[in-house]
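Structural characterization, general
Single-letter residue listing:
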Amino acid sequence: MIKNYIKIAWRNLWKSKGYSAINIIGLSIGLAAVLIIGIWIKNQLQFDNFYSNQENIYKLWNKYKNDDGKINLMDVTSGRAARALLEDYPEVERAARMYWSSTALMSFGDKKIKSKGNEVDPSFIELFDFKLKRGNNHQALAEVNNIILTESLAKSIFGDIDPLDKTIILDNKEPYKVSAVMQDLPSNTNFDFNYLIPLADASKYSPNWNTITFSTYVQLKSGTDVDAFNNKLINMIERKSNKELKGSLFLYPVSKMHLYSRFEQGVPAGGKIDQVKLVAGIGLLILLIACINFINLSTARSQKRAKEVAIRKVVGAKRFHLIVQFLAESILLAVISGASALLLTKFMLPLFNKILDKPLAFSSSDTALWFSLVGFIFLTGLLAGLYPAFVLSAFKPVKSLKIFARSKKFSLNFRELLVVFQFSIAVILIIATIVVRRQIEYAGQRDIGYNTAQLLEIGLEGDLGKNYEAIKSELINKGVATAVTRIGSSITGSSGNSWGGFSWQGATPEQEKKMGFNLGRAESDLVKTLGLRLVAGRDIDYSRLAADSTAALLNEAAVKEMKLENPVGSFLKWGDNSYTIVGVINDYISGSPYSPVKPMLIYANKTALFNLVIRTSPNRAMEMSLKQIEEIIKKFNPAYPFEYQFVDQKFAAKFNDQQQTAKLAFIFSGLAIFISCLGLFGLASYIAELKTKEIGIRKVLGASVSGITAMLSKDFVKLVIISILIASPIAWWLMNKWLQDFSYRIEIQWWFFALAGISALFVAFFTVSTQAIKAANSNPVKTLRDE
């Protein structure tokens, strides 16, 4: 019997190949979109929550209040905090610090590889219980010259040789013995390293409590109330700094760092979880649009089968058999769509991996995804088959024949409602795409405060530091560069943050306690090389003026917040150090392009400088300049490969997250429009089929093709206009809410809605008119012929 139901169902689907194809394509795309989104969401939800002690692992955060009452947070701390926690609080089982990531040259024989790693406390590897393939995690970082490698890095350096106890040289200086090999980090972690070495001397990076340069991780003993523990940390900084510094510390779960990293007034207020919810919502809306299409077309086509129901009942078919038959057809169509969705997912997932920059994969062993897919398939199939199964099967044969005779006048109100709902979602997604794109363009057009063109950044590694003056002289004398400098960190970031402990003439005690700076270090020619604008004074010139060892620059934001009327020549004291302000520079963007520029202090330094910045000559082709720069760099630093970065490309990388959002919004809105248009196409075909005789009579009476096309299209265009009116205020509210996360943002313009509306109208009219024109051009002799 079941075989017979399936056979009949297949014949009916094959008989209506066009409508079946529309149903299958629409539902397949919807299911594939949800599958891909589901894989991504699962990856996001599992970020850093796979450690055995993850419920007890926290990151230490700083909290301080500005003069205006605004609470600021930073997830970096003083190096002294970890030891203080271990010594003063018995609830703390372990504490470990991690210093900024750095790239080192690793040498083993003739093999030389550059890789990224971190300096960490020995307890770090135990706190996070990373899986070691070789070695012992209790002893892995016990010696100062130990190093842990990831599997992939060990393979790259040693090949098939056992790496344990082998010695590698870091940066052609320090020998390190491989003490362990750990499993490669998964894609769903915020850590990013290929090697770990012991943190030898934390005091050189963080000499006091107001210098915050470390990520500090804490493992509490099981059963500890973290809220009660955080209350104990409120006055810790003030107590440890002898009341010189204000601010407090608190612990925040590592497992929540990825999804809930945005705070408002010190309280968690979302973060990546908002994007996860948004993408999940969009995916479900796309699936809903596809399901509406599926149900709409299935119920519409079922009206033409009323006569079939009547005849089958006359020859003895039971209602139960009819119900099973209709449900079988609907579920079979959904199963075919599900199988197609799996193929689409396999094909499209690599494209999404490129957009998201994540190695996501569909696992055949992922039971959650399988259950979800099977559930969606059968639920959709049941919903689509309910009407023909239970309503039509209940009619008396005579009544069924009458319904068939009147089917051309069947009310479309419910289906109109579904079409309005579909296109409302599509219009919202189009508006969202426009707003996201405009926000990215707006931030990209913002004056960043310096000229990124012709600007290169090279890490000061190997012998570049000690040969810096010779390299600079040769680059300029040969005309390759117009200016060269060296700085403490990347131009597109700051070398650290510090607040409190600053004093200057005219400052109030409250200002001194709460004043904070983004910190930068430089030597000479910073302003010239970056193309900054000097508002007052001059540049730091430490290489030529010994007195500039205590020179410093402030940006305009710092001068404003410090309320300095004549900043040049004034003194700024920071802890035991005193600096002379020699110049004021314009506010240039070193952080997020979506945020306001913060106060910055750039002070003279010769030792802690890690980046060489070169402004190449605009009169030479970049290819030739790079070749000459490589020759000069290799001359003074032959042991290292020549690597560089264009500053404009590094700055552009700051837009990656929003670019991803824009691409996803574009793809999903396109899918929504496409699926909605499939539904319109199917419904338009169905309406045209119902009105074939009416169209034939109109043509015989002299109606034109354009007139008939307008008659068939106007009802659908009306529905799209209603959709635009419904979608516009909803989209305005949603996108205003999204823009609130950006300090530097656009205003939503009326033309966003006009463009989205016109686009939706055009696509809908084009879709419907293709079927309307086809019907209008049909031969009236054939359409008026009786069955």
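Residues numbered from 1 in each chain as written. Predicted model: local features only at pLDDT ≥ 70, side-chain atom pairs only at ≥ 80, totals over all residues. Heavy atoms only, no water.

This part takes up the overall build of the chain. Looking only at helices and strands, the chain features 25 helices and 27 strands. Counting contacts in the chain only where the partners sit at least 6 residues apart, residues at least 24 apart contribute 79% of the total. Surface exposure of the chain reaches about 36,800 Å², of which carbon and sulfur atoms provide 57%. (Helix = DSSP H or I, 4+ residues; strand = E, 2+ residues; numbered from the N terminus. Contact = heavy atoms within 4.5 Å. Areas by Shrake-Rupley, 256 points an atom, 1.4 Å probe, with all protein chains shown as cover.)

If you check helix H11 (residues 319-356), its first and last C-alpha atoms are 51 Å apart, about what 38 residues at 1.5 Å a residue would give, namely 56 Å. The positive-phi residue at the C-terminal boundary of H11 is Asp-357, with phi of around 55°. (Expected span 1.5 Å × (residues − 1).)

Ranked by internal contacts, the top residues of the largest apolar core, which has 110 residues, are Tyr-450 and Ile-602. Excluding its chain neighbours within four sequence positions, the residues that come into contact with Ile-602 are Gly-520, Arg-521, Ala-522, Leu-526, Ile-540, Ala-551, Ala-552, Leu-553, Ile-585 and Tyr-588. (Core = buried A, V, L, I, M, F, W, Y, C linked by side-chain atoms within 4.5 Å. Buried < 20%, exposed > 50% of the residue type's maximum accessible area, 1.4 Å probe, protein only.)

Non-glycine residue Asp-48 carries a positive phi angle of around 50°. Relative to the helices and strands, Asp-48 is located in the loop between helix H2 (17-45) and strand S1 (57-65). Since its relative accessible area comes to 3%, Asp-48 is described here as buried.

With 88% of its residues at a pLDDT of 70 or more, the chain has an overall mean of 82. Every residue in residues 403-412 scores below 50 in pLDDT, and together they form 13 contacts with partners more than four places removed in sequence or on other chains. (pLDDT = per-residue confidence, 0-100.)

In this section: the pairing of strand S9 (residues 167-170). On S9, burial follows the alternation: Ile-168 and Leu-170 on one face are buried, whereas Thr-167 and Ile-169 on the facing-out side are not. Relative to strand S10 (residues 174-182), S9 runs antiparallel, the two sharing 4 bridges. Pairing of Ile-169 across the sheet is with Pro-175, part of S10. Hairpin geometry of S9 and S10 is characterised by an intervening segment of 3 residues between the two adjacent antiparallel strands and by a positive phi of about 55° at Asp-171. (Pairing = 2+ DSSP bridges.)

Now for helix H15 (residues 468-477). The set of residues buried in H15 consists of Tyr-468, Ile-471, Lys-472, Glu-474 and Leu-475. One side of H15 carries all its buried residues, which in axial view fall inside an arc of 170°. The inward-facing, buried residues of H15 abut strand S17 (481-487), strand S26 (611-616) and helix H19 (622-636). Looking one or two places after H15, you find Gly-479, whose phi comes out positive at around 75°. (Arc of directions from axis to C-beta.)

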